[in-house]
Amino acid sequence: MKVYIIQDYCIACGLCREVCPVGAIHPKFQDFHHWLEVVADECTGDGTCLEYCPAPGALVQYEASATAGR
């Protein structure tokens, strides 16, 4: 399992980044927005970030083999 962020729901609070045990969540600057992104190669998929995210639907867990190259 891996996790990714749906930017439309993310409020960029950074809680997921703070609790990620492997540091797989990094800042992503696009246009004038400050977003966060999960680096798939670093994500272990343990789901700790899912428990702390205050924005419903912002973090999604997916089967790693189902979407190669995400």
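Keep in mind it's a predicted model, so treat the numbers as computed, not measured. (Residues numbered from 1 in each chain as written. Predicted model: local features only at pLDDT ≥ 70, side-chain atom pairs only at ≥ 80, totals over all residues. Heavy atoms only, no water.)

Topic: the overall build of the protein chain
Here comes step 1: Scanning the protein chain for helices and strands turns up 2 helices and 4 strands.
Here comes step 2: Put simply, the protein chain runs from its N terminus to its C terminus through helices and strands in the order β-α-β-β-α-β.
Here comes step 3: In terms of overall dimensions, the protein chain is globule-like: its C-alpha atoms have a radius of gyration of 11 Å, near the 11 Å expected for 70 residues.
Here comes step 4: In terms of its C-alpha atoms, the protein chain occupies a principal-axis envelope of roughly 35 × 25 × 20 Å.
Here comes step 5: For the protein chain, with 70 residues in total, the buried portion stands at 30%.
Here comes step 6: For the protein chain, restricting intrachain contacts to residue pairs at least 6 apart in sequence, the fraction spanning at least 24 positions comes to 58%.
Here comes step 7: Total accessible area on the protein chain stands at roughly 4,500 Å², and carbon and sulfur atoms take up 52% of it.
Here comes step 8: Of the side chains in the protein chain, 4 bear a positive and 9 a negative charge, and the two mean positions are spaced by 4 Å. (Helix = DSSP H or I, 4+ residues; strand = E, 2+ residues; numbered from the N terminus. Rg over C-alpha atoms; globule rule 2.2 N^0.38 Å. Buried < 20%, exposed > 50% of the residue type's maximum accessible area, 1.4 Å probe, protein only. Contact = heavy atoms within 4.5 Å. Areas by Shrake-Rupley, 256 points an atom, 1.4 Å probe, with all protein chains shown as cover. Lys, Arg positive; Asp, Glu negative; His and termini not counted. Charge placed at Lys NZ, Arg CZ, Asp CG, Glu CD.)

Re the nonpolar core
Here comes step 1: Grouped together as the largest cluster of nonpolar side chains are 14 residues, with contacts concentrated most on Ile5, Cys16, Ile25, Cys49 and Leu59.
Here comes step 2: Elements with a contribution of two residues or more to this core: β1 (2-5) and β3 (33-38).
Here comes step 3: With near-sequence residues (within four places) excluded, Cys16 lies in contact with Ile25, Leu36, Cys49 and Leu59. (Core = buried A, V, L, I, M, F, W, Y, C linked by side-chain atoms within 4.5 Å.)

Examining empty space enclosed by the protein
Here comes step 1: In total, this model carries 2 cavities of 30 Å³ or more according to the counting rule given.
Here comes step 2: Of the voids in this model, the largest cavity is the one considered here, and its volume is about 100 Å³.
Here comes step 3: Lining the largest cavity are 14 residues, with Cys20, Cys43, Gly45, Asp46 and Cys49 positioned closest to its centre.
Here comes step 4: Taken together, the residues of the lining of the largest cavity sort by class into 9 nonpolar, 4 polar and 1 charged.
Here comes step 5: Lining the second largest cavity are 13 residues, with Cys10, Cys13, Cys16, Cys53 and Ala58 sitting closest to its centre.
Here comes step 6: Looking at the lining of the second largest cavity residue by residue, the class counts come to 12 nonpolar, 1 polar and no charged. (1 Å grid on protein atoms, 1.4 Å probe; cavity = no way out; pocket = protein on both sides within 12 Å on 5 of 7 lines; lining within 4 Å. Points joined across faces, edges and corners; volume = space filled by probe spheres on them. Nonpolar A, V, L, I, M, F, W, Y, C, P; charged D, E, K, R; others polar.)

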